[in-house]
Amino acid sequence: MTIQLNDREQLNDLMNGWMHRDLGEWAQLRDLFHPDGTIEITWFEGLGSDFVEGSMRMGASDLRTKHLIASPAVTFNARGDKAILETNAMIIAENVTLNIGCECHNRFYDLAEKRDGVWKLFRRQSVYDMGTFTFPLGPVEIDRNVVAKYPREYATLAYLLEQSGFPLGRVFATRGSELESNMKAAGQRWLAA
C-alpha cells in the first residue's frame, strides 16, 4: 500500500509538472517524458523532446498559454510499472497581437511507465470536451468559415492556433467520439501487455 501511495504521489507530481511548459522551463518539461515518449495534441504529434522544441517556438510567439490541471484518475497494471492517467485540464490561450483568446476544457489521457524507479510519460494524448472564445480587450471579428472546419469541442482552440501559425494536421478525439473509444481501448491493451 505504501508503494502505491508513493507511486500516486509521483504521478500527481508528473501531471502538475505540465506547469513547466507554461513557465518556459524547458529542461524540466523535457524531463517529464521518457526518451521514447510521444505526445499527440492539436498542434503537435511526435517525440516529447521535439514537442519541447515546438513549445519553445510557441513561447517566443504572440500566443500565450496556461494549463490548469486537476488530480489524475490512475489505473495501474498488475506489476505496478505502468499506469493510465486521465486528468481534467483547462487550456487558456491568448494571442496578444490578435486580441483574441480561448478556454478549452480537455482531458489528458496519459500512458506512464516506471523505469528505474521513476515515473515518466510514455504517451500523452488529449480528449477535447468543450471550448469558448475570450476577448480580453473587447469583441473582434472571427472568420466563421475557419472555425467551422473543426469539431465544436476544440474549434476555438484550433482557430486560435491556426491564426497564430500553429495549424492542426488532423481531427482529434472529442468527448464520446469513436477516436476517444479507440484511444482508450488501445490504452487498455498497452496496460495489459
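Residues numbered from 1 in each chain as written. Predicted model: local features only at pLDDT ≥ 70, side-chain atom pairs only at ≥ 80, totals over all residues. Heavy atoms only, no water.

Undergrad: Run through helix H6 (residues 155-163), naming residues and quoting values.
TA: Buried residues dominate H6, accounting for 7 of its 9 residues. Of the surrounding elements, those touching the buried residues of H6 are helix H4 (48-59), strand E3 (63-69), strand E5 (82-95), strand E6 (100-115), strand E7 (118-134) and helix H5 (144-147). Looking one or two places after H6, you find Gly165, whose phi comes out positive at around 90°. (Buried < 20%, exposed > 50% of the residue type's maximum accessible area, 1.4 Å probe, protein only. Helix = DSSP H or I, 4+ residues; strand = E, 2+ residues; numbered from the N terminus. Contact = heavy atoms within 4.5 Å.)

Undergrad: Report on the pattern of salt bridges, specifying residues and quantitative values.
TA: This structure, assessed with the given rule, holds 16 salt bridges. Residues Asp7 and Lys114 are paired through a salt bridge, measuring 2.9 Å at the closest nitrogen-oxygen approach. Of the two residues, Asp7 is situated in helix H1 (residues 2-16) and Lys114 in strand E6; the sequence distance between them amounts to 107 residues. On the basis of relative accessibility, which here comes to 5%, the residue Asp7 falls in the buried class. Arg107 serves as the salt-bridge partner of Asp129, at 2.8 Å between the closest nitrogen and oxygen. With Asp129 in strand E7 and Arg107 in strand E6, this pair connects stretches of sequence that are 22 residues apart. Beyond isolated ion pairs, a larger network of salt bridges with shared partners links Glu86, Arg107, Asp129, Glu180 and Lys184. (Salt bridge = Lys/Arg side-chain N within 4 Å of Asp/Glu carboxyl O.)

Undergrad: An account of the side chain of Arg21 is needed here, citing residue identities and associated values.
TA: Among the structural elements, Arg21 can be located in helix H2 (residues 19-23). The side chain of Arg21 is buried and forms no salt bridge, while Asp22, the nearest opposite charge, is found at 4.4 Å. A polar contact is formed between the side chain of Arg21 and the side chain of Ser55, at a distance of 3.2 Å. Setting aside residues no more than four positions away along its own chain, Arg21 makes contact with Trp26, Leu29, Trp43, Phe51, Ser55, Met58, Thr65 and His67. (Lys, Arg positive; Asp, Glu negative; His and termini not counted. Polar contact = N/O pair within 3.5 Å; in protein donor to acceptor, adjacent residues only side chain to side chain.)

Undergrad: Before we move on, can you summarise helix H7 (residues 178-192) with the specific residues and values?
TA: Here H7 contains 15 residues, and its C-alpha end-to-end distance of 21 Å stays within 8% of the 21 Å for a straight helix at 1.5 Å per residue. Listed in full, the buried residues belonging to H7 are Glu180, Met183, Gly187, Trp190 and Leu191. Looking straight down H7, one finds its buried side chains confined to an arc of 95°; they lie on one side. For H7, exposure combined with an orientation more than 90 degrees from the buried face picks out Glu178, Arg189 and Ala192. For H7, the elements touching its buried residues are strand E4 (73-76), E5, E6 and E7. (Expected span 1.5 Å × (residues − 1). Arc of directions from axis to C-beta.)

Undergrad: Report on the packing of aromatic side chains, specifying residues and quantitative values.
TA: Applying the stated criterion to the full structure yields 14 aromatic pairs. Taking the centre distance of 6.0 Å and the plane angle of 5° together, the rings of Phe122 and Trp190 count as stacked. Taken together, the residues Phe122 in strand E7 and Trp190 in helix H7 connect sequence positions 68 residues apart. Through a chain of ring-to-ring contacts, the aromatic side chains of Trp18, Phe33, Trp43, Phe44, Phe51, Phe108 and Phe166 assemble into a single cluster. Looking at Lys82, its charged tip hangs above the ring of Trp190, at a distance of 4.7 Å from the centre. The positively charged end of Arg124 is found above the aromatic ring belonging to Phe108, 3.7 Å away from the centroid. (Phe/Tyr/Trp six-rings, centres within 6.5 Å; stacked < 30°, edge-to-face > 60°. Lys NZ or Arg CZ within 6 Å of the ring centre and 35° of its normal.)

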